[in-house]
Amino acid sequence: MIRAWQELMMNLALAVASSSSGTAKAVSENLHKLAVASGAPDWEGLSSEELEGMRGGRTLNFMIDLTLDDGNALFIRAEKYMMGLGVAQSFESAFHSYAQAAARCGHNESMNMLGAMYELGLGVDKNAFDAMKWYEKAAAADNADAMTNLARLLETRKTLEDAAAACSWYLRAAEKGHPDAMTRLGYLLEHGIGQNAPQPELAVQWYRMAATFEGTGATGERAGRIAAIAAVAWGPPNETDRLMGGSHLGCARARAQNALGNCFYKGIGVERNYEEAVMWYKKAADQGAPYAQNNLGICYEEGLGVARDLLMAKSLYKAASEVRHPSGTNNYGYMLLLEGNPLEALRMFHVASALGR
């Protein structure tokens, strides 16, 4: 970067010396681009009106006047502020850099992150409409994370039309190798949401693809990080936030493994096979997924697909209860009751009830 600065300054000096105003102007513009991309003060950047327009949800027409390389550099700068890497953490500064990369470079990852920040209220007021708008822009630019986020928001609308649209976006993201999209698509197919009828066999195929996904984890990873940041910023997270707090790829895979275990346990889309269910539950439970720990505990308690072992069942229920999983907490209370500890069991039952069991 220092060498690039030196070369640009030398070219600028030569241009000025030769009195070529056109060349000098071009070199100056390149110097400005490098300043913006490298994190130096942005002498022009987005105007205060443009930035306030983005914060206020107004639709503005931006000039894409920087290159994709500039966008990548701005995105990296935004990530540093987002995570507090080498700089003081600042969601507002992160928002500003993402906004520049999105508006001036057409950077689709930055568009997706703007959607996430609007959705979670990080560096900007919460605004579901603007979150949807930026997810749509990024999805149209072929960003799989944004496709998945857009589909997730569409799901919450609970209409047949939106459910069908969600299914379509999940499919596009799944075909691009997004493990969360594979799992959510499997769920919609299993339950016939956005479909004419349930398609359990096809659901199992997508669950299996996500459960065995061996990608790098780059796709979807930022969604996990931003949810973890939100959990820290807002206090104790709910179960979904907590699950998102670790490796996003690992969480996506664990959810799919648990879903696949459920299919084998219940005989949905496949022949019922408790041993196979236990295998998939164990894979997810080993990653700390509380829903899988609870399900595996049930298998040990009932002796389904594995030798009956009440101590192991209790241990798994306890692990699930420690991260406030409602069913796991309730089942842990039942094991305590069997052991002759009614007071502690009653306390667990009350906690489970408060958690929504």
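Here, the structure is the one placed above.
Residues numbered from 1 in each chain as written. Predicted model: local features only at pLDDT ≥ 70, side-chain atom pairs only at ≥ 80, totals over all residues. Heavy atoms only, no water.

## Considerations on the overall build of the chain
How we decide: Only DSSP runs of H or I covering at least 4 residues are called helices, and only runs of E covering at least 2 are called strands; the numbering of each starts at the N terminus. Throughout, exposure labels follow a simple rule: accessible area from a 1.4 Å probe, protein chains only, divided by the maximum for the residue type, with under 20% read as buried, over 50% as exposed, and the rest as partly exposed. Contacts are assigned to residue pairs with any non-hydrogen atoms lying within 4.5 Å of each other. The method behind every accessible area is Shrake-Rupley, applied with a 1.4 Å probe, and residues are considered shielded solely by the protein chains displayed.
The number of helices and strands found in the chain is 19 helices and 0 strands. Within the chain, the proportion of its 357 residues that are buried is 46%. For the chain, contacts bridging at least 24 residues in sequence account for 53% of all contacts bridging at least 6. Accessible area of the chain: about 17,600 Å², with a carbon and sulfur share of 54%.

## Things to note about the environment of Ala-313
Considering the arrangement of structural elements, one finds Ala-313 in helix α17 (residues 310–322). Given the relative accessible area of 0%, Ala-313 is considered buried. Not counting chain neighbours up to four residues away, the residues in contact with Ala-313 comprise Gly-297, Tyr-300, Glu-301 and Met-335.

## A word on the pattern of salt bridges
In plain terms, the rule: Here a salt bridge means any side-chain nitrogen of Lys or Arg lying within 4 Å of a carboxyl oxygen belonging to Asp or Glu.
Counted according to the given criterion, the structure contains 10 salt bridges. A salt bridge links Lys-176 to Asp-142, with the nearest nitrogen and oxygen atoms 3.1 Å apart. Taken together, the residues Lys-176 in the loop between α9 (160–175) and α10 (179–191) and Asp-142 in the loop between α7 (128–140) and α8 (144–155) connect sequence positions 34 residues apart. Among the residues examined, Asp-142 registers a relative accessible area of 42% and is labelled partly exposed. Of the charged contacts in the structure, one is a salt bridge between Arg-184 and Glu-155, with a shortest N-O distance of 2.5 Å. Residue Arg-184 is found in helix α10, and its partner Glu-155 is found in helix α8; the two are separated by 29 residues along the sequence. Using a relative accessible area of 29% as the deciding quantity, one classes Arg-184 as partly exposed. Accessibility expressed as a relative area gives 18% for Glu-155, which makes it buried.

## Quick look at the packing of aromatic side chains
What counts is decided by this rule: Pairing of aromatic side chains requires ring centres within 6.5 Å, counting the rings of Phe and Tyr and the six-membered ring of Trp. Pairs whose planes differ by under 30 degrees are stacked, by over 60 edge-to-face, and all others tilted.
Tallied over the entire structure, the rule returns 4 aromatic pairs. Measuring from centroid to centroid gives 5.6 Å for Phe-95 and Tyr-118, while their planes differ by 85°, and the two rings are edge-to-face. With Phe-95 in helix α5 (residues 91–105) and Tyr-118 in helix α6 (residues 108–120), the pair connects residues that are 23 residues apart, well separated along the chain. Residue Phe-95 shares its accessibility class with Tyr-118, and that shared class is buried. On the basis of an interplanar angle of 50° and a centroid distance of 6.4 Å, the ring pair of Tyr-265 and Tyr-281 is categorised as tilted. Separated by 16 residues along the polypeptide, Tyr-265 in helix α14 (residues 248–266) and Tyr-281 in helix α15 (residues 274–285) bring together distant segments of the chain. Of the residues examined, Tyr-265 reaches a relative accessible area of 22% and is grouped as partly exposed. Given the relative accessible area of 2%, Tyr-281 is considered buried. Pairwise contacts between aromatic rings join Tyr-265, Tyr-274 and Tyr-281 into one cluster.

## Here's the deal with a nonpolar patch on the surface
So the rule is basically this: Patch membership is restricted to residues that have no salt bridge and whose relative accessible area is over 30%. Joining uses 9 Å for like charges and 5 Å for the nonpolar side chains Val, Leu, Ile, Met, Phe, Trp and Tyr.
Together, Tyr-334, Leu-337 and Leu-338 make up an exposed nonpolar region whose accessible area comes to about 290 Å². With respect to the secondary-structure elements, Leu-337 resides in helix α18 (residues 326–338).

## Overview of α9
Quick reminder of the rule: By definition here, a helix of n residues has an expected span of 1.5 Å times n minus one.
The terminal C-alpha atoms of α9 lie 23 Å apart, and with 16 residues this matches the ideal 22 Å at 1.5 Å per residue to within 8%. Those residues of α9 that fall on the buried side of the exposure criterion are Asp-162, Ala-163, Ala-166, Cys-167, Trp-169, Tyr-170, Ala-173 and Ala-174. The inward-facing, buried residues of α9 contact α7, α8, α10 and α11 (200–211). Just beyond α9, the residue with positive phi is Gly-177, at close to 90°.

## What to know about the nonpolar core
What counts is decided by this rule: We call a set of buried residues a nonpolar core when its members are Ala, Val, Leu, Ile, Met, Phe, Trp, Tyr or Cys and they connect through side-chain atoms within 4.5 Å of each other.
Formed by 75 residues in total, the largest nonpolar core has its most connected members in Met-82, Tyr-98 and Met-117. If near-sequence neighbours (up to four positions away) are discounted, Tyr-98 is found in contact with Phe-75, Ala-78, Glu-79, Met-82, Ser-110, Met-113, Leu-114 and Met-117.

## Focus on the side chain of Asp-180
Residue placement: Asp-180 occurs in helix α10. Owing to a relative accessible area of 10%, Asp-180 belongs among the buried residues under this scheme.

## What about α10?
For α10, which comprises 13 residues, the first-to-last C-alpha distance of 19 Å matches the rise-based estimate of 18 Å (1.5 Å per residue) to within 8%. A large share of α10 lies buried, amounting to 10 of its 13 residues. Looking at α10, one finds that the buried residues are Pro-179, Asp-180, Ala-181, Met-182, Thr-183, Leu-185, Gly-186, Leu-188, Leu-189 and Glu-190. One or two steps after α10, the chain reaches Gly-192, where phi turns positive at roughly 70°.

## So, the environment of Tyr-170
Position of Tyr-170 relative to the elements: it lies in helix α9. Residue class for Tyr-170 comes out buried when judged on its relative accessible area of 1%. Placed 20 residues apart in sequence, Tyr-170 and Leu-150 show a C-alpha to C-alpha distance of 8.8 Å.

## Let's talk about the packing of α18 against helix α19 (residues 342–354)
Worth spelling out the cut-off: Axis definition: a line fitted to C-alpha atoms, over the contacting stretch in the case of helices. Angles run 0 to 180 degrees between N-to-C directions. Throughout, the term roughly parallel applies to angles under 35 degrees, roughly antiparallel to angles over 145, roughly perpendicular to angles from 65 to 115, and oblique to all others. Note: crossing handedness is left-handed where the near helix turns anticlockwise from the far helix by less than a right angle, and right-handed where it turns clockwise. Classification used: nonpolar for Ala, Val, Leu, Ile, Met, Phe, Trp, Tyr, Cys and Pro, charged for Asp, Glu, Lys and Arg, polar for all others including Gly.
At a closest axis distance of 8 Å, the pairing of α18 and α19 adopts a crossing angle of 165°. The angle between α18 and α19 falls in the class roughly antiparallel. As for how α18 packs across α19, the hand of that crossing is left-handed. Contacts from Pro-326, Thr-329, Asn-330, Tyr-332, Gly-333, Tyr-334, Leu-336 and Leu-337 of α18 reach α19 at Pro-342, Glu-344, Ala-345, Met-348, Phe-349, Val-351 and Ala-352. Residues that form the contact of α18 with α19 fall into these classes: 11 nonpolar, 3 polar and 1 charged.

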